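# Understanding the architecture of this molecule
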Amino acid sequence: MLAREETKRGDGAIAPLVYLVDDDEDFREEMVSGLIRLGLNVHGFGSAAGLYRAYAVLPSEIVILDLNLGDEDGLSIAAHLRASQRIGIIMATARGAIDDRVAGLEKGADAYLVKPIDVRELAATVGAVHNRLNRDRTVPAPPQVPQWALVEGGWALTDGLGRHLRLTVSEQRLLGCLFRARGSAAERSALVEAMGADVYDFNYAHLDTIVSRLRRRAKKLNMLLPLHAIRGQGFIFAE
């Protein structure tokens, strides 16, 4: 379980909480250990799923993202995070083409660095993004963390912040399966079975339609679901 740890920089200021996501273990460990030595509060993750689980428990102030992850593209992660709240996003990737840079910035990145990256440059970028966020933040307030739960016999989803979403039969069965696997990916076949359909005679594109419709209905109530597709596996409803 992550806990908020205060790390002081050399100037005495409290360092921001930073999550670094990269499936290259050597690069990830080198950057995390180097940033910690430079006084930053950093945790590393090898996948989008690991990031989502940690972020749902304790949102970070800055996320450093690789674009080429095994379970979800970094651009997609950036779009999800940017929609949730004000957060600093730094792309750290080997993809240096101008189209990649433009796409990263259009998806909400505050900075785009191309590997190989010196840890001092990355630390300086984190500091610059953090300072920019502080300047833009007029009234600092702790983020409200949703406490997701199925209520009313499983026929309504609540975020614990006063919002409720009534569910259709398909949505109720889908979320029931996701909640039983809470924090882990539920395979597409398991979700189809939970909805009472034949896994061998089911149009799996319809599953994506149900999830997309559920997200849209929730968004109309200002509920941002931590419901994410995991490539090659299925879906995860983060803790």
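The following paragraphs examine the structure supplied in this document. (Residues numbered from 1 in each chain as written. Predicted model: local features only at pLDDT ≥ 70, side-chain atom pairs only at ≥ 80, totals over all residues. Heavy atoms only, no water.)

## Concerning the pattern of salt bridges
Pairing between side chains becomes possible if they bear opposite charge and their charged atoms approach one another. One pass over the full model with this rule turns up 11 salt bridges. For Arg 166, the salt bridge identified is with Glu 152, shortest N-O distance 2.2 Å. In this pair, Arg 166 is assigned in strand β8 (residues 164–166) and Glu 152 in the loop between β6 (149–151) and β7 (156–158), connecting sequence segments 14 residues apart. The residue Glu 171 makes a salt bridge to Arg 217 at a minimum N-O spacing of 2.5 Å. Taken as a pair, Glu 171 in helix α6 (residues 169–180) and Arg 217 in helix α8 (residues 204–220) lie far apart in primary sequence, 46 residues in all. One network of salt bridges, in which partners are shared, links Asp 22, Asp 66 and Lys 115. (Salt bridge = Lys/Arg side-chain N within 4 Å of Asp/Glu carboxyl O. Helix = DSSP H or I, 4+ residues; strand = E, 2+ residues; numbered from the N terminus.)

## Thoughts on the sheet that holds β6
Taken in spatial order, the three strands line up as β6-β7-β8 in an open sheet, and their pairing is antiparallel. On the outer flanks of this sheet lie β6 and β8, each paired with one strand and no other. Along the sheet, successive strands turn relative to each other by an average axial angle of 30°, direction set aside. Relative to β7, β6 runs antiparallel, the two sharing three bridges. When the bridges of β7 are listed, Leu 150 appears paired with Leu 157. On the sheet, α6 packs against β6, β7 and β8 and is oriented at approximately 135° with respect to β6. (Pairing = 2+ DSSP bridges. Axes fitted to C-alpha atoms, helices over the stretch in contact; angles between N-to-C directions. Contact = heavy atoms within 4.5 Å.)

## A short note on a negative patch on the surface
There is a patch of like negative charges on the surface, built from Asp 23, Asp 24, Glu 25, Asp 26, Glu 29 and Glu 30. For Glu 29, the location among the structural elements is in helix α1 (residues 25–37). (Patch = residues over 30% accessible without salt bridge, like charges linked within 9 Å, V, L, I, M, F, W, Y side chains within 5 Å. Areas by Shrake-Rupley, 256 points an atom, 1.4 Å probe, with all protein chains shown as cover. Lys, Arg positive; Asp, Glu negative; His and termini not counted. Charge placed at Lys NZ, Arg CZ, Asp CG, Glu CD.)

## Focus on the packing of aromatic side chains
For the structure on display, the rule yields four aromatic pairs. Ring plane angle 40° and centroid distance 4.9 Å describe the contact between Phe 179 and Phe 237, whose orientation is recorded as tilted. Of this pair, Phe 179 sits in helix α6 while Phe 237 sits in strand β11 (residues 234–237), and the two are 58 residues apart along the sequence. Among the aromatic residues, those joined into a cluster by ring pairs are Trp 148, Phe 179 and Phe 237. For Lys 115, the ring lying beneath its charged end belongs to Phe 27, and the centroid distance is 4.2 Å. The cationic tip of Arg 182 hangs over the ring face of Phe 179; the distance from NZ or CZ to the ring centre is 4.2 Å. (Phe/Tyr/Trp six-rings, centres within 6.5 Å; stacked < 30°, edge-to-face > 60°. Lys NZ or Arg CZ within 6 Å of the ring centre and 35° of its normal.)

## Thoughts on the pairing of strand β1 (residues 17–21)
Consecutive side chains along a regular strand alternate between the two faces of the sheet. Of all five residues making up β1, five are buried, and the element is well covered by its neighbours. The alternating pattern of β1 places Leu 17, Tyr 19 and Val 21 on one face and Val 18 and Leu 20 on the opposite face, and all of these are buried. Examined bridge by bridge, β1 and strand β2 (residues 41–45) share five bridges and lie parallel to one another. The partner of Tyr 19 across the bridge, within β2, is His 43. This β-α-β element, β1 to α1 to β2, shows right-handed connectivity. Pairing geometry for β1 and strand β3 (residues 62–65), over four bridges, is parallel. The residue bridging Val 21 from the neighbouring strand is Leu 65, located in β3. (Buried < 20%, exposed > 50% of the residue type's maximum accessible area, 1.4 Å probe, protein only. Right-handed = clockwise from strand over helix to strand, strands pointing away.)

## Overview of the packing of α6 against α8
Where α6 meets α8, the axes come as close as 11 Å, and the angle between the chain directions of the two elements is 95°. The orientation of α6 relative to α8 falls into the category roughly perpendicular. Contacts between α6 and α8 pair Ser 170, Glu 171, Leu 174 and Leu 175 from the former with Leu 207, Ile 210, Val 211, Arg 213, Leu 214 and Arg 217 from the latter. Across the contact of α6 with α8, the residue classes tally to six nonpolar, one polar and three charged. (Parallel < 35°, antiparallel > 145°, perpendicular 65-115°, else oblique. Nonpolar A, V, L, I, M, F, W, Y, C, P; charged D, E, K, R; others polar.)

## Quick look at the pairing of strand β4 (residues 88–93)
The buried fraction of β4 amounts to six of the six residues, a majority that puts the element mostly inside the structure. Of the two faces of β4, both are covered, the one formed by Gly 88, Ile 90 and Ala 92 as well as the one formed by Ile 89, Met 91 and Thr 93. Relative to β4, β3 runs parallel, the two sharing four bridges. Note that in β4 the partner of Leu 65 across the bridge is Met 91. Here β4 runs beside strand β5 (residues 111–114); their pairing, made up of four bridges, is parallel. Each bridged residue has a counterpart across the sheet, and for Ile 90 the counterpart in β5 is Ala 111.

Take it as geometry only, folks, not as evidence of what the structure does.
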